[in-house]
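Reading the structure
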Amino acid sequence: MNKPVRVRFAPSPTGLLHIGSARAALFNYLFAKHHNGTFILRIEDTDRERFVEGSVEQIVDGLSWLGIEPDEGFWNGEHIGKHGPYVQSHRLEHYQAVAQQLIDQGLAYYSYISNEDFAKAKQDAIDRKQPFVYREEFEPKQKPAASDGYPIRLRIPKGRTKWSDIVYGDFDVDNATVDDFVILKADGYPTYNFANVIDDHMMEISHVIRGPEFLPSTPKHAILYDLLEWVRPKFVHVPVILGPDGKKKLSKRDGDVDLMDYKKQGFLPEAIVNFLVLLGWNDGTEREFFTLEELVGAFDATRIQRSPAKFDIERLRWMNGHYIREGIGLQDLTERLVEYVPQDWLKDEEYFIDLVALDRERIKTLADAQQLLEFFFVDPHYSPELFAALPDKDAAITGLTATLDILEGFSGGHHELEKALRNLAESHNIAAGKLFGALRIAITGRTQAPGIFDTILMVGTERSVERIRRFLSILRKQ
Ligand code: GLU
């Protein structure tokens, strides 16, 4: 019988929850849910120098925002599940015990080499154009009386190590290329390579799904499993994420910022989930939109690609626009916008909902809404470029002046307004498009806005009249 599926997302709290980590979390979650398995969050905080205060909370916030909460693990300050604690710095005795066991079995040794001698041995190898692989022969002949305060290294056995990665296929590595790496540091803390394996074993992890940067460490992990006579998990390394040029690794400038920055920028978690999962995975068709539930149903790890994925923020914006237009309801959209617009815009909730409905097509991110809807609340400023955008000043003055007569005391709807303005354009011999363009600029202070009739009605005829008057007085002086 197959072992139950248990997977983990094992971030190091060293700062931001990057795009690549968020994708690893998502792949783990989907794999677990697809197989009715367990998704675990383990915090790998043994590198005390790189620890950044607040990053555990940031990880929790990011996962909650995406809607991928763990079934087990360290969550909101609690260790949830039978295999805890789930924070590595709380598990030191386990690592120390296994390190001691390896020493007792002759599979590991205390390392007494000084930093200077280590550097010298390394330089020697470089001078000889040889790869530097640490072995016990570099150890000093004279050993100190006590081993306390010295690191422990694994004694890498001779031979070859083979494994099969679900994504990258078969590997066959000569152990001669693998260092006798440190498993326990002088301060009693484990290294990543050691703690990771001990925990994956103790937490009964069935599949290790993680970023491609850990592929080179996998021989070390595999050797450790073998020496400890533990069954290895299956390895699933996901593809590299490249920047939009498809050449360089994704950088901060291309958008590899903290996941929560995407929230601040007004992206919907639904769009982020959809976008992230398609960075290196597809369901075998051209399908581009999935809900989280649909992804759970469709997620097949063997369809994760090996070839690098390309991160394209424009594609994300496009997806986000899709979710804003059709992925969520109007009421839901309005509620999500609350955080992104000035609070006094919400005094008349119905009015706000109507505005959102009117401009929904244009909103690509929630943060766009403020700029897009601003003219409904704040009288526009007319920049010099706007006057330059008017093709025909005289026609604009004539048309706008005549419009004032129509709008004053106007009480009809969209249809009546459209008819009246089209008639006006015709009777004054002005192209309708020119008139509407001038009206748009006068009423909204911009050249792009929703349809002019709805805009006038939503701004209100009275305020539209005031704006047209003010615009005309400036225009006449141009
Ligand atoms: N702690 C590693 C990281 O920061 C986890 C690697 C793994 O999943 O094995 O990403």
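For the structure given in this document, a descriptive report is provided here.

How each quantity is defined
- Residues numbered from 1 in each chain as written.
- Predicted model: local features only at pLDDT ≥ 70, side-chain atom pairs only at ≥ 80, totals over all residues.
- Heavy atoms only, no water.
- Helix = DSSP H or I, 4+ residues; strand = E, 2+ residues; numbered from the N terminus.
- Buried < 20%, exposed > 50% of the residue type's maximum accessible area, 1.4 Å probe, protein only.
- Near = heavy atom within 4 Å.
- Polar contact = N/O pair within 3.5 Å; in protein donor to acceptor, adjacent residues only side chain to side chain.
- Areas by Shrake-Rupley, 256 points an atom, 1.4 Å probe, with all protein chains shown as cover.
- Nonpolar A, V, L, I, M, F, W, Y, C, P; charged D, E, K, R; others polar.
- Axes fitted to C-alpha atoms, helices over the stretch in contact; angles between N-to-C directions.
- Left-handed = near helix turned anticlockwise from the far one by under 90°.
- Contact = heavy atoms within 4.5 Å.
- Arc of directions from axis to C-beta.
- Pairing = 2+ DSSP bridges.

Turning next to unusual backbone geometry. Only a minority of non-glycine residues have a phi that is not negative, and only a minority of peptide bonds are not trans. Geometrically, the link from Gly84 to Pro85 is a cis peptide bond, its omega value of -5° lying close to zero. For Pro85, the position within the fold is in the loop between strand S4 (78-80) and helix H3 (92-104). In this structure, Asn429 is a non-glycine residue whose phi angle is positive, near 60°. Tracing the backbone through its elements, the reader meets Asn429 in the loop between helix H16 (414-427) and helix H17 (432-444). Accessibility expressed as a relative area gives 73% for Asn429, which makes it exposed.

Before going further, it helps to spend a moment on the site of the ligand. Neighbouring residues of the ligand: Arg8, Ala10, Ser12, Glu44, Tyr192, Asn196, Arg210 and Phe214. At a separation of 2.9 Å, a nitrogen atom of the ligand approaches a polar side-chain atom of Ser12. Here an oxygen atom of the ligand sits 3.0 Å away from a polar atom, N or O, in the side chain of Tyr192. Across the complex, the protein chains shield 84% of the 300 Å² of accessible surface that the ligand would expose by itself. Looking at side-chain class alone, the shell around the ligand contains 3 nonpolar, 2 polar and 3 charged residues.

Let us look at the packing of H16 against helix H18 (residues 452-459). For the pair H16 and H18, the least separation of the axes is 9 Å and the interaxial angle reads 115°. Like other packed secondary-structure pairs, H16 and H18 cross with a definite hand, here right-handed. Across the interface between the two elements, His414, Leu417, Glu418, Leu421 and Arg422 from H16 touch Phe453, Asp454, Ile456 and Leu457 from H18. By residue class, the composition of the contact of H16 with H18 is 5 nonpolar, 1 polar and 3 charged.

Before going further, it helps to examine the environment of Arg440. Summarising the element assignment, Arg440 is placed in helix H17. The sequence separation of Arg440 and Ile452 amounts to 12 residues, and the corresponding C-alpha distance is 6.2 Å. Residues contacting Arg440, with those up to four places away along its chain left out, are Gly445, Arg446, Thr447, Gln448, Ala449, Pro450 and Ile452.

Structural remark: α-helix, 3.6 residues per turn; residues separated by three or four positions point the same way. Those residues of helix H13 (residues 368-377) that sit buried are Asp368, Ala369, Leu372, Leu373, Phe375 and Phe376. Along the axis of H13, the buried positions cluster into a sector of 145°, meaning they face one direction only. Of the surrounding elements, those touching the buried residues of H13 are helix H10 (313-327), helix H11 (330-337), helix H12 (349-359), H17, H18 and helix H19 (461-477).

Before going further, it helps to spend a moment on the sheet that holds strand S5 (residues 108-110). Pairing between the strands of a sheet comes from backbone hydrogen bonds, and it takes one of two forms, parallel or antiparallel. The 3 strands lie next to each other as S5-S6-S9, forming an open sheet whose pairing is antiparallel. Among the strands making up the open sheet, the edge pair consists of S5 and strand S9 (182-184). Averaged over neighbouring strand pairs, the angle between their axes works out to 40° when direction is ignored. Here strand S6 (residues 152-154) pairs with S9 via 2 bridges, running antiparallel. Residue pairing in the sheet places Ile152 in a bridge with Leu184 of S9.

Next up on the list: the side chain of Asn196. With respect to the secondary-structure elements, Asn196 resides in helix H5 (residues 192-202). Those residues in contact with Asn196 that lie beyond four places of it in its chain are Arg8, Arg42, Glu44, Gln88, Arg210 and His221.

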